[in-house]
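Spelled out from the first residue to the last, the chains are:
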Amino acid sequence: MKHPTDPPFAVWEDAPNPTMLSAADIQGLNDRFRTEPSEVLLTWAWETFGARAAIGTSFQGAGLVMMHLCQQRGLPLPVFTLDTGLLFPKTLALKGRLEAFFGCTIESLEPDLTLEQQAAAQGPELWARDPDLCCTLRKVVPLQGKLAQLDCWITGLRREQSDTRTAIGFVELYAFDEANHRSIVKLNPMAAWSRQAVWDYLRQHQIPYNPLHDQGYRSIGCQPCTRRSGSGDTERAGRWTGFQKTECGIHTFMARKA
Ligand code: SF4
């Protein structure tokens, strides 16, 4: 049986079980990908996992770059987004513009509870009182349902974005469902990209982006929890202003194995 770390790439009829990957395998992949362009990592994901790999994006710049790289190289990796019901109208409009631009469908993952049901169960404006719980209900739980279908989750995380992201690897392994001994590969093909490089790429290829970026929003999430931030701040400084919270939880709810 061919091993996922072996070159050259090959199409797998049955995606390999990430649980079989060892810490040494992950280290080997990171060593191999350290000097490779992002498209090599995306190609590896498709040829290793097929449609059991998918790009998750909130339509920040890095996600858009990955979608373009996939389109240019004929990699039909599925794309999904978390629609909390609290996104900016401009973000929702961007989703439609991107689907038209790339000729693809972007899957929207929605919470179990409508905003009205959440208000009835938890009180109004949960985000203003307990953003961790709100993010769990509206982001983490829907994501967990999607990840249960995947072996490889591809993100647009970049090391430069915040202090919590400086140590991310290109390839990481997480315990997704410990009771059933299920692990998942998290692939961060954009880890080494700077914000400037992302924006240069978007402009060079005239890729649609969120117009809120032109209005001082550097990182864009849900409307109640996103503020404009200055260029001297970290990119995510405008998120959850007033709370000791820098991550919504989707990148922190699983235990990292390697
Ligand atoms: Fe709720 Fe804010 Fe989290 Fe969105 S970002 S899910 S509104 S707490």
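Above this text you will find the structure in question.
What comes next concerns the included structure. Keep in mind that this is a model prediction, so the values were computed, not measured.

**Notes on the sheet that holds strand 3 (residues 106–109)**
Here we have 7 strands laid out as an open sheet, ordered 3-2-1-4-6-5-7, and mixed in their pairing. Both outer strands of the open sheet, strand 3 and strand 7 (255–256), are each paired with one neighbouring strand and no more. Relative to strand 6 (residues 182–187), strand 5 (residues 171–177) runs antiparallel, the two being bridged by 6 bridges. Looking at strand 6, one finds that Ala175 is bridged to Ser183.

**Considerations on the layout of surface pockets**
Space inside the largest pocket adds up to approximately 180 Å³. Lining the largest pocket are Leu157, Thr164, Arg165, Ala167, Ile168, Glu172, Tyr174, Lys186, Glu247, His251, Thr252 and Arg256. Looking at the lining of the largest pocket, its residues break down into 4 nonpolar, 3 polar and 5 charged.

**Topic: the environment of Gln215**
Mapped onto the elements of the fold, Gln215 is located in the loop between helix 8 (195–204) and strand 7. Through-space distance from the C-alpha of Gln215 to that of Glu116 is 30 Å; in sequence the pair is 99 residues apart. Ignoring sequence-local partners within four residues, the contact set of Gln215 consists of Lys90 and Arg228.

Reading the values: rules and limits
For every chain, the first residue of the written sequence is number 1, and numbering continues from 1 onward in sequence order. Reporting in this predicted model follows two pLDDT cut-offs: at least 70 for local features of residues, and 80 or more for side-chain atom pairs to be given and counted; totals over whole chains, interfaces and linings ignore these cut-offs and use all residues. Heavy atoms throughout the structure, all of them, feed into the side-chain values; hydrogens and water do not. Pairing between strands requires that DSSP locate at least two bridges from one strand to the other. Per the convention used, a helix needs a DSSP run of H or I reaching at least four residues, while a strand needs a run of E reaching at least two, with both numbered from the N terminus. Of the grid points, spaced at 1 Å and generated over the protein atoms alone, those admitting a 1.4 Å probe that cannot get out make up cavities, while open sets with protein on both sides within 12 Å along at least five of seven lines make up pockets; any residue with an atom within 4 Å of a point is treated as lining. Grid points are joined across faces, edges and corners, and a volume is the space filled by probe spheres set on the points. Side-chain classes follow a simple rule in which Ala, Val, Leu, Ile, Met, Phe, Trp, Tyr, Cys and Pro form the nonpolar group, Asp, Glu, Lys and Arg form the charged group, and the remainder, Gly included, forms the polar group. Any two residues having at least one pair of non-hydrogen atoms within 4.5 Å are treated as being in contact.

The quantities given are spatial measurements derived from coordinates; they are silent on function.
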